[in-house]
Amino acid sequence: MQLQVICNKQSWTFKRPLSELNIKKILKRLPLRIDNLPNQFTLQYEDLDGDMIDVTCDSDLQTIRECQLDNKLVTFYVREVQDGGFKKEQQYHKRENRKEHIKQIVNQQVMVLIPEITKQVKLQITTDDVQKDIETLSINKKNQVEVRETNKIVHEKIMCDRCKMFPILGIRYKCPICQDFDFCEKCEDLGTHKHAMLKIRKPEQAPSILVTAIDDKQDLPQENTSRTQIDQMMELSFQMSIGLPNSSMFDLPQQVQEPHLNESTNPIILELCELLGIRPEIAQTLIELFPTQSAKEIMEIVGDDIEYLNSLQKSTI
């Protein structure tokens, strides 16, 4: 059973059945659905006898439902009155108040959220600025590294046997044991190669020949013994220069009696022997490897590579 309301030739039929409606719901919907609804009105329906009966409460609705069971549609008529009845303004203002209330709630929530929104916006702006600064620093650092790499000394036609840098920039490290084996600074710093490597700062310092050997022989005598040999060699050279025989020459070690003694008068050999603590024949070998360098320059090239000098001394035993 459906409910239809007619007001001044305008009608509205409720979608809900009459069994689910009450007076409060009907009055709440009428101002929204009927444009010409009077400000003060009553609801009436026509009974079976043709009389117009006022509908004022839910009990009246229940009576109508019981009396009109066979009808699928029940019609209410809106009558304008001066006194009594229902007031449209109360229902209308109630809805307007609800809309205003909702608006106030929304505004309050927005006011609460504004500080947090502002904070998030500032934080995002700050984060973006920091990210830009980081990217700028990263780019500048990369450019500086590239500039430093460009300014490094170039070892032409030399390739790093690990990272394949070609040519090697900066300090070159050459293995005196392995054939044609070189490292750049970064690869040598990893310490992965099994042999000590010769440090070459400039291309002109690179030796043209390397003579090395590795075996199981014991280490050679240390610095004090080498100095003794040098003193004996110098004394013998002095005696030979004035023509005096010296039987002590027959007591010198085998390496002192070798032909290298004739070269011991070279002051560079003597200086190398004293600076590096090596034998004269090793000093002569270094002079042959670095013919244009002084004793101090040769010491700067190979003085910190003890294993390299050790291998040279072993190779002459």
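Numbering of residues begins from 1 in every chain and follows the order in which that chain's sequence is written. The predicted origin of the model limits local features to residues at a pLDDT of at least 70 and limits the giving and counting of side-chain atom pairs to 80 or more, whereas totals for whole chains, interfaces and linings rest on all residues. Only heavy atoms go into the side-chain values, all of them from the structure, while hydrogens and water stay out.

**Quick notes on the side chain of glutamine 4**
Along the chain, glutamine 4 falls in strand β1 (residues 2–7). Under the rule applied, a polar contact is a pair of N or O atoms within 3.5 Å (in protein, one hydrogen donor and one hydrogen acceptor; residues adjacent in sequence only if both atoms are side-chain atoms). A distance of 3.2 Å separates polar atoms of two side chains, one belonging to glutamine 4 and the other to threonine 75. Only heavy atoms matter for contacts: two residues are in contact if any of them lie within 4.5 Å across the pair. Setting aside residues up to four positions removed in sequence, glutamine 4 forms contacts with Ser11, Trp12, Thr13, Leu73, Val74, Thr75 and Phe76. Secondary structure elements are taken from DSSP: a helix is a run of H or I of four residues or more, a strand is a run of E of two residues or more, and numbering for both begins at the N terminus.

**Digging into helix α2 (residues 58–67)**
Looking only at α2, the buried set comprises Leu61, Ile64 and Arg65. All buried residues of α2 project into a common sector of 100 degrees when viewed along the axis, lining one side. Of the surrounding secondary structure, the elements contacted by the buried residues of α2 are α1 (23–33), β3 (40–46), β4 (52–55) and β5 (73–80). Only protein chains enter the accessibility calculation, which uses a 1.4 Å probe. A residue is then buried if its area is under 20% of the maximum for its type, exposed if over 50%, and partly exposed in between. It is the directions from the helix axis to the C-beta atoms whose arc is reported.

**Some words on the packing of aromatic side chains**
Any two of the Phe, Tyr and Trp rings considered here, Trp counted by its six-membered ring, make a pair once their centres fall within 6.5 Å; the pair's planes then place it as stacked at under 30 degrees, edge-to-face at over 60, or tilted in between. This model, assessed by the stated rule, comprises three aromatic pairs. Look at tyrosine 45 and phenylalanine 76: their rings are 6.4 Å apart centre to centre, the planes differ by 45 degrees, and that puts the pair in the tilted class. Taken as a pair, tyrosine 45 in strand β3 and phenylalanine 76 in strand β5 lie far apart in primary sequence, 31 residues in all. Exposure class is identical for tyrosine 45 and phenylalanine 76. Each is buried.

**A word on the confidence of the model for the protein**
Per-chain confidence: the protein averages 76 in pLDDT, with 73% of residues scoring 70 or above. Confidence scores per residue from the predictor, reported as pLDDT, run from 0 to 100. For the protein, helix α5 (residues 223–241) is the element with the lowest average pLDDT, namely 51, and strand β10 (residues 182–183) is the one with the highest, namely 96. Throughout residues 216–227 the model reports pLDDT below 50, and contacts reaching past four residues in sequence, or to other chains, amount to 11 contacts. Taken together, the stretch residues 246–264 has pLDDT below 50 and engages in 24 contacts with residues farther than four places along the chain or on a different chain.

**Describing a nonpolar patch on the surface**
To count toward a patch, a residue needs a relative accessible area over 30% and no salt bridge; like charges are then connected within 9 Å, while nonpolar side chains (Val, Leu, Ile, Met, Phe, Trp, Tyr) are connected within 5 Å. Surface accessibility in these figures is a Shrake-Rupley result with a 1.4 Å probe; residues are shielded only by whichever protein chains are displayed. Should a side-chain nitrogen of Lys or Arg be within 4 Å of a carboxyl oxygen of Asp or Glu, the pair is scored as a salt bridge. On the surface, Ile102, Val106, Val110, Met111 and Ile114 cluster together into a nonpolar patch covering about 440 Å² of accessible area. The class for valine 110 is partly exposed, based on a relative accessible area of 40%.

**Observations regarding the packing of helix α6 (residues 267–276) against helix α7 (residues 280–289)**
In the contact formed by α6 and α7, the axes pass within 9 Å of each other and the chain directions differ by 110 degrees. Considering the angle they form, α6 stands roughly perpendicular to α7. Here α6 and α7 pass one another in a crossing that is right-handed. Contact with α6, carried on its side by Ile268, Ile269, Leu272, Cys273 and Leu276, involves Pro280, Ala283, Gln284, Leu286 and Ile287 of α7 and no other residues of that element. Charged residues are taken to be Asp, Glu, Lys and Arg, nonpolar residues to be Ala, Val, Leu, Ile, Met, Phe, Trp, Tyr, Cys and Pro, and polar residues to be all remaining types, Gly included. When grouped by side-chain class, the residues that make up the contact of α6 with α7 number nine nonpolar, one polar and no charged. To define axes, lines are fitted to C-alpha atoms, for helices over the stretch in contact only, and angles between the resulting N-to-C directions are given on a 0 to 180 degree scale. An angle below 35 degrees is treated as roughly parallel, one above 145 as roughly antiparallel, one from 65 to 115 as roughly perpendicular, and anything else as oblique. Left-handed is the label given to a crossing in which the near helix is rotated counterclockwise from the far helix by less than a right angle, and right-handed is the label when the rotation is clockwise.

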